[in-house]
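Report on the structure
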Amino acid sequence: MAKILTIIFLCCLQLSCNSVNSEQYNSIVKKSCRKAPACFEKIQAAIDAAPDNSAAPYRIHINDGIYREKVLLTKSNLQLIGDDAKKTRIVFNDYAGKEFEPGKTLSTPGSATFTVRAQDIFISNLTIENDFNFLVNDALANDNPNRISGSQAVALFIDAPSDKVLIRDSALLGNQDTLFVNSGRSWFDQVLVAGNVDYIFGKGNAVFTNSEIKTLARGKLNNPYGFITAPSTNITSEYGLTFLHCRLTRAESVPDNSTPLGRPWHPTTTFADGRYADPDAVGKSVFIKTWMDSHITIDGWYSMGGTAKDVGRKNFLPEDARFFEYKSTGAGAIVNNKHRQLDAADAEKYTLEKILGDWKPSNKIF
């Protein structure tokens, strides 16, 4: 069914691209509008002009071009559709440690190129990128005064109160913390996500189908080289980061046996009795029928440090998180006691329909 819907979607999109007019789109974004009606030269301007709560999907077409801007989407029921992910690009270069006023830095959320805080969102045929020069900074020695400590640089941030966000036929590019999924349900279909350190992370329910998850180079050789996921899923949430029929690829310079599938992130959180790593953030990452190249480590998963209540700094172990695999293939799809496998009955719980629940995104596509 998903493949049929994708074919229908692509046909509709091709028709729309051949003749962009008000019947297909409510507004368009292009590099030069020349005072054309419902035309904007900035993506943010087109979003700002959209209704706050449109009853029908409000569609914005984004023409080919590189749009160097930070985008904030807070209006629900919007669709942003580019011409081609290779040609329609939203790019910025903020990073967590960047000072925006004396003594204050952006932090990880503030670094995002594109932030979504809305529901019923559809994005396709776009590249969203954070091009902060992570590699140069990463190559510096830890004691180098020029080294930036806050090198997290998010491309796409899905933040509260977001829910029902569909990203299709798009690319999300960065290095550390490329994709921050921290709210609601999101579906990434036929998407490229590229990065190196914790580059898919957060507490949201995010499912990836038929997508490429690509580990990129580091500025210097590290062991481990990087981490694909860092979920902070709350223990009450059944689903976290789920990968169905995906491909785990790598840049040529990424070594064999260098990249864990993930590590458990317990975010430091302020509670009534103090500030410490959230004990209920029992992260969940699941890889099902996914092809894995040989950069995936023999042990599969890794630990992650945090400040725990009353005990100070500690390592949170992968075996205490909810990390599982099922019937994956490729040189990196190793089966041993560290790569915990689901049984057939448990694997049946991880269908797209069950993960998305009452959300039927096909009803929102054209």
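Residues numbered from 1 in each chain as written. Predicted model: local features only at pLDDT ≥ 70, side-chain atom pairs only at ≥ 80, totals over all residues. Heavy atoms only, no water.

A few words on the overall build of the chain. Broken down by element type, the chain carries six helices and 31 strands. For the chain, whose C-alpha radius of gyration is 20 Å, the value lies close to the compact-globule estimate of 21 Å for 366 residues. By the burial criterion, 54% of the 366 residues in the chain qualify as buried. When contacts within the chain are restricted to residue pairs at least 6 apart in sequence, those whose partners lie at least 24 apart make up 65%. Only carbon and sulfur atoms are counted for the fraction: they give 51% of the accessible area of the chain, which is about 16200 Å². Between the centroid of the 41 positive side chains of the chain and the centroid of its 40 negative side chains there is a distance of 2 Å. (Helix = DSSP H or I, 4+ residues; strand = E, 2+ residues; numbered from the N terminus. Rg over C-alpha atoms; globule rule 2.2 N^0.38 Å. Buried < 20%, exposed > 50% of the residue type's maximum accessible area, 1.4 Å probe, protein only. Contact = heavy atoms within 4.5 Å. Areas by Shrake-Rupley, 256 points an atom, 1.4 Å probe, with all protein chains shown as cover. Lys, Arg positive; Asp, Glu negative; His and termini not counted. Charge placed at Lys NZ, Arg CZ, Asp CG, Glu CD.)

Counting across every chain of the model gives 19 salt bridges. Residues Glu212 and Arg247 are paired through a salt bridge, measuring 3.5 Å at the closest nitrogen-oxygen approach. Taken together, the residues span a long stretch of sequence, with Glu212 in strand E21 (residues 212–215) and Arg247 in strand E24 (residues 247–250) at a distance of 35 residues. Sharing partners across several salt bridges, the network here consists of Lys70, Asp94 and Lys98. (Salt bridge = Lys/Arg side-chain N within 4 Å of Asp/Glu carboxyl O.)

Strand order across the open sheet formed by six strands is E5-E10-E13-E16-E19-E22, with parallel pairing between neighbours. The open sheet has two edge strands with one neighbour each: strand E5 (71–73) and strand E22 (227–231). Taking each pair of neighbouring strands and ignoring which way they run, the sheet shows an average axis angle of 15°. The pairing of strand E10 (residues 114–116) with strand E13 (residues 156–158) spans three bridges and is classified as parallel. Across the sheet, the residue bridging to Val116 is Ile158, located in E13. (Pairing = 2+ DSSP bridges. Axes fitted to C-alpha atoms, helices over the stretch in contact; angles between N-to-C directions.)

Attention now goes to the state of the cysteines. Covalent bonding between the sulfur atoms of two cysteines is what defines a disulfide. In the structure shown here, the tally under the stated rule is one disulfide. Linked covalently through their sulfurs, Cys33 and Cys39 form a disulfide whose S-S length is 2.1 Å. In this structure, the disulfide formed by Cys33 and Cys39 twists by about -80° around the S-S bond and is classed as left-handed. Residue classification places Cys39 among the buried positions, given a relative accessible area of 11%. (Disulfide = S-S within 2.5 Å.)

Right, let's talk about the pairing of E24 for a bit. Looking along a regular strand, one sees side chains alternate from face to face of the sheet. Sheet topology note: the E21/E24 ladder contains four bridges and is parallel. Across the sheet, the residue bridging to Lys214 is Thr249, located in E24. Across two bridges, the pairing between E24 and strand E28 (residues 291–292) is parallel. Bridge pairing links Arg247 to Trp291 in E28.

Pairing is parallel across the open sheet formed by eight strands, whose spatial order is E4-E7-E12-E15-E18-E21-E24-E28. Since the sheet does not close on itself, it has two edges, and those belong to strand E4 (65–68) and E28, each with one partner. For E4 and strand E7 (residues 88–92), the ladder comprises four bridges, and the chain directions are parallel. Within E7, the position partnered with Tyr67 by the bridge is Ile90.

Position of Leu261 relative to the elements: it lies in the loop between E24 and strand E25 (268–271). Expressed as a C-alpha distance, the spacing of Leu261 and Asn26, which sit 235 residues apart in the sequence, is 41 Å. Beyond its immediate chain neighbours, meaning those up to four positions away, Leu261 contacts Ile228, Thr229, Leu248, Phe287, Met292, Ile296, Gly300, Trp301, Glu325 and His339.

The subject of this paragraph is the packing of aromatic side chains. Under the defined criterion, the tally for this structure stands at 13 aromatic pairs. Among the aromatic residues, those joined into a ring-pair cluster are Phe188, Phe208, Phe243, Phe287, Trp301 and Phe323. If you follow Arg340 out to its NZ or CZ, it ends over the ring of Phe324, 5.0 Å from the centre. (Phe/Tyr/Trp six-rings, centres within 6.5 Å; stacked < 30°, edge-to-face > 60°. Lys NZ or Arg CZ within 6 Å of the ring centre and 35° of its normal.)

The next thing to look at is the nonpolar core. In terms of nonpolar packing, the biggest core is built from 50 residues, with Leu80, Phe114, Leu156, Phe188 and Phe208 touching the most fellow members. What Phe188 contacts, discounting residues up to four positions off in sequence, is Leu156, Ile158, Ile167, Leu172, Leu179, Val181, Ala206, Val207, Phe208, Thr209 and Ser211. (Core = buried A, V, L, I, M, F, W, Y, C linked by side-chain atoms within 4.5 Å.)

Further remarks concern the confidence of the model for the chain. Residues with a pLDDT of 70 or more make up 92% of the chain, whose mean pLDDT is 92. The low-confidence segment residues 1–22 (pLDDT under 50) makes 25 contacts with residues lying over four places distant or belonging to another chain. (pLDDT = per-residue confidence, 0-100.)

Mapped onto the elements of the fold, Asp299 is located in the loop between E28 and strand E29 (304–308). Given a relative accessible area of 40%, Asp299 falls into the partly exposed group. For the pair Asp299 and Thr269, spaced 30 residues apart in the sequence, the C-alpha separation amounts to 29 Å.

One number sums up the size of the largest pocket: a volume of about 990 Å³. Lining of the largest pocket is provided by 39 residues; of these, Phe201, Trp265, Pro267, Thr268 and Met304 occupy positions nearest its centre. Where the lining of the largest pocket is concerned, the elements lending two or more residues are helix H3 (107–110), helix H4 (134–139), strand E19 (197–202), E25 and E29. Of all the elements, E29 adds the most residues to the lining of the largest pocket, at four residues. In terms of residue class, the lining of the largest pocket is built from twelve nonpolar, 17 polar and ten charged. (1 Å grid on protein atoms, 1.4 Å probe; cavity = no way out; pocket = protein on both sides within 12 Å on 5 of 7 lines; lining within 4 Å. Points joined across faces, edges and corners; volume = space filled by probe spheres on them. Nonpolar A, V, L, I, M, F, W, Y, C, P; charged D, E, K, R; others polar.)

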